[in-house]
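# Tertiary structure, described
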Amino acid sequence: MFDTRLALTIDTPELGESLSWNALESLMVAMSHQLPAQALAMALEDAQERLVEAACGPRWMPVRGLVAPFGCTGCEVREDFARKGRRTRPRKLHTAVGTLELIVWHVGCRGCGKVFSPLLAMLGLSGKRRTDRLTLDLAELSTQMSFARAAALDRQLAGSSATAGQAHNAVADTAALLTGAGEHEPDDDDGPHEPDRHDDDGPGGDGPGEDGSAAGESFTPQPGPSGPGSAPVCAGVQMPVLGPGHPAPKVVLLDGTGARAGDKTNGVGVNLAIGLTGRSGPAKRRRAHTHLLGLTVGEDWSMMGAQLERLPAPALVVVDGETAITVLAQRLWPTTPIQRCWWHLPHGLRKALYVDDAHNRHNNPNWARDRKNELAELLREQIRVEHTVEEALADWDAFTAKIPAALTAAHAFLDAARPHAFTCLDPNLRKALACIGGPELATGVIERLMREINARTDIGGVRWTIPGLRDLLTVLTARILRHPTWTEIRKNVRPSNTIQFRLQKFNAT
């Protein structure tokens with residue numbers, strides 16, 4: 001434990017008309033942006049001089065065989081080091097409080113001849129240009145806004161020197177840490193990156209660079225949780241994924257959306273699986289306890305099976321009616337009941353009626369909409385009067401009989417949906433899921449997450465590459481759904497401060 005005392009001098013003008021509160025407030029903002037990095041640099045400079053002296057002896061009286069508080073980065077021995085002088089240029093490190101400039105000392109190992117900086121080695125900063133906390137800050141902001149705006153906001157609020165390229169690389173680094181994919185290359189802020197057509201606040205990029213992937217080095221990723229199917233194969237290449245955030249959810253919801261990515265005109269599919277384990281909160285503001293189970297980008301639903309196949313069978317699977325999703329659920333958990341989303345049922349019928357070009361639609365444009373509303377009311381009525389499954393299916397069949405036989409698409413839709421339309425009325429299922437408030441009737445929980453994804457990725461004029469989109473969505477879903485790996489990263493990177501500091505006033509004349 002040692003103290004580093006720094007003197008702060010503020011050239012404050014005399015109180016008067018020339019000094020306003022706005023000027024004082026600007027002074028405080030500038031100090032909050034510049035003072036932390038400068039103070040830390042001075043404290044570290046003092047600390048590394050003590051460190052080198054402890055390992056090598058006084059500058060003009062070197063001592064052999066001293067045991068150092070650090071190990072050689074080459075042979076890992078902890079004694080017999082020699083001074084190798086200081087760097088002539090300052091070492092720049094981008095941190096969460098600004099750019100830190102250090103004149104680092106080097107020592108040499110007399111055993112293997114390795115020359116290195118003991119300060120950087122002990123702090124885990126060897127080879128880094130961006131700290132873990134800044135990486136996490138930029139990645140978290142980048143899941144909510146464009147890379148350029150994330151960097152601008154971090155510069156404005158935290159006083160860092162972040163750029164759009166650093167924000168883009170931070171997302172790739174954080175995704176690599178979450179999935180255990182390995183390290184990326186160092187930052188290259190001067191290199192080209194895709195212009196951000198959505199922003200007017202400076203260069204940036206909502207899409208990856210020319211090589212299709214974002215580069216950036218900050219974290220030293222450790223192997224992430226090897227959840228079920230943690231390395232599915234795509235085009236012959238294993239794609240590391242984030243493991244399930246819960247080992248045994250009671251309800252699994254499956255849904256997908258699209259994103260402008262890749263070479264195809266219509267983009268690629270983004271498929272998502274989340275688990276529901278409960279609800280809490282007041283009656284009109286219930287909060288669902290959701291967990292990320294699987295995520296695929298640019299892959300079909302069969303690839304999702306690799307991430308879910310080791311999960312135990314849930315009590316219920318909720319789907320929107322897409323055939324591929326239903327087939328996947330039946331293959332993974334043959335004995336688990338499936339519930340069709342009650343929101344998608346009437347809307348799907350309306351689309352089917354439009355496909356058939358309903359017989360009197362041109363004379364009565366509201367006919368298809370009326371049938372949709374009638375089906376929606378039928379579904380609500382089953383809950384309202386507490387019908388059994390058999391009674392509900394009888395009402396369903398009566399409704400189906402009123403649809404003209406010539407409307408083949410509508411009949412095909414209703415026949416396919418019938419087996420899974422009233423699963424939620426099963427008394428055994430309702431009893432099993434009473435602890436979480438009963439069976440889910442719709443995919444609203446996962447739809448809200450899909451809207452978050454679309455709001456971030458559906459930006460006019462921007463087309464993502466698939467690896468870049470996968471990195472962003474990995475971080476976004478892990479953050480929103482509070483994945484255990486994300487929580488652990490935040491805990492490790494943002495610990496509570498335990499180092500005491502004091503502010504003293506020196507009355508010098």
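One can find the structure itself at the top, above this paragraph.
Rules behind the numbers
- Counting from 1, residues in each chain are numbered in the order their sequence is written.
- With pLDDT at 70 or above as the cut-off, local features in this predicted model cover only qualifying residues; side-chain atom pairs require 80 or more to be listed or tallied, and sums for whole chains, interfaces and linings still use all residues.
- Working from all heavy atoms in the structure, the side-chain values ignore hydrogens and water.
- To count toward a patch, a residue needs a relative accessible area over 30% and no salt bridge; like charges are then connected within 9 Å, while nonpolar side chains (Val, Leu, Ile, Met, Phe, Trp, Tyr) are connected within 5 Å.
- For accessible areas, the Shrake-Rupley method is used with a probe of radius 1.4 Å. Any residue's cover is judged against the shown protein chains and nothing else.
- Every case where a carboxyl oxygen of Asp or Glu lies within 4 Å of a side-chain nitrogen of Lys or Arg is listed as a salt bridge.
- For every residue, the accessible area obtained with a 1.4 Å probe (protein chains only) is divided by the maximum for its type, and the residue is called buried under 20%, exposed over 50%, and partly exposed between those limits.
- To qualify as a helix, a DSSP run of H or I must reach at least 4 residues; to qualify as a strand, a run of E must reach at least 2; elements of each kind are numbered from the N terminus.
- Pairing of N or O atoms within 3.5 Å defines a polar contact, subject to two protein rules: one partner must be a possible hydrogen donor and the other a possible acceptor, and residues neighboring in sequence count only if both atoms are side-chain atoms.
- Only heavy atoms matter for contacts: two residues are in contact if any of them lie within 4.5 Å across the pair.
- Defined by distance alone, a disulfide is two cysteine sulfur atoms within 2.5 Å.
- For Phe, Tyr and Trp, rings pair up if their centres lie within 6.5 Å, where Trp contributes its six-membered ring, and each pair is then called stacked (planes under 30 degrees apart), edge-to-face (over 60) or tilted (otherwise).
- Only Lys NZ and Arg CZ are tested; either one counts as a charge over a ring when it is within 6 Å of the ring centre and within 35 degrees of the ring normal.
- For two strands to be treated as a pair, DSSP must find at least two bridges joining them.

What follows covers a nonpolar patch on the surface. The grouping of Leu 8, Ile 10, Leu 27 and Leu 35 at the surface amounts to a nonpolar patch, some 300 Å² of accessible area in total. Among the residues examined, Ile 10 registers a relative accessible area of 39% and is labelled partly exposed.

Another aspect to go through is the pattern of salt bridges. Tallied over the entire structure, the rule returns 15 salt bridges. With its nearest N and O atoms 3.1 Å apart, the salt bridge here joins Arg 130 to Asp 173. Pair noted here: Arg 130 is in the loop between helix H2 (118-123) and helix H3 (132-142) and Asp 173 is in helix H5 (residues 164-179), with a separation of 43 residues, a long-range link. Per residue, the accessibility class of Arg 130 equals that of Asp 173, and both read buried. Residues Arg 384 and Glu 381 are paired through a salt bridge, measuring 2.4 Å at the closest nitrogen-oxygen approach. Placement of both Arg 384 and Glu 381 in helix H9 (residues 367-384) is noted, with a separation of three residues, approximately one turn of the helix.

Its place among the elements puts Thr 143 in the loop between H3 and helix H4 (147-158). Side-chain polar atoms of Thr 143 contact the backbone oxygen of Glu 140, separated by 2.7 Å. Contacts of Thr 143, omitting those with residues within four sequence positions, involve Arg 456, Leu 472, Val 475, Leu 476 and Arg 479.

Moving on, we get to the state of the cysteines. For the structure shown, the criterion picks out zero disulfides. Just so you know, Cys 75 is unpaired, no disulfide at all, and the nearest cysteine sulfur is the one on Cys 109, 3.6 Å from it. Taking relative accessible area as the criterion, Cys 75 reaches 31% and is therefore assigned partly exposed. Taking the relative accessible area as the measure of exposure, Cys 109 reaches 4% and is therefore buried.

The subject of this paragraph is the packing of aromatic side chains. Any two aromatic rings considered together are summarised by their centre-to-centre distance and by the angle between their planes. Under the criterion given, the structure shown has six aromatic pairs. Note on Phe 70 and Phe 81: the rings are 5.0 Å apart at their centroids and 40° apart in plane angle, and the pair reads as tilted. On the criterion of sequence distance, the pair formed by Phe 70 in the loop between helix H1 (21-56) and strand S1 (81-86) and Phe 81 in strand S1 is long-range, its members being eleven residues apart. A ring pair is formed by Phe 147 and Trp 464, whose centres lie 6.3 Å apart and whose planes are at 75°; its orientation type is edge-to-face. In this pair, Phe 147 sits in helix H4 while Trp 464 sits in the loop between helix H13 (444-457) and helix H14 (466-480), placing the two residues 317 residues apart along the sequence. On the basis of relative accessible area, Trp 464 is assigned to the buried category, the value being 2%. In this structure an aromatic cluster arises from ring pairing among Phe 70, Phe 81 and Phe 116. Its guanidinium or amino end placed over the ring of Trp 105, Arg 83 lies 5.5 Å from that ring's centre, counting from NZ or CZ.

Neither face of strand S11 (residues 316-319) is exposed, since Leu 316 and Val 318 on one face and Val 317 and Val 319 on the opposite face are all buried. Inspection of the sheet shows strand S8 (residues 251-259) paired to S11 by three bridges, in the parallel sense. The partner of Leu 253 across the bridge, within S11, is Val 318. Relative to strand S12 (residues 338-340), S11 is paired through three bridges, and the arrangement is parallel.

It is worth spelling out the side chain of Asn 271 at this point. Summarising the element assignment, Asn 271 is placed in strand S9 (residues 268-280). Residue classification places Asn 271 among the buried positions, given a relative accessible area of 7%. Only 3.2 Å separates the side chain of Asn 271 from the backbone oxygen of Glu 299, close enough to count as a polar contact. Residues in contact with Asn 271, not counting those within four places in the same chain, are Asp 255, Gly 256, Gly 294, Leu 295, Thr 296, Glu 299, Asp 300, Trp 301 and Met 304.

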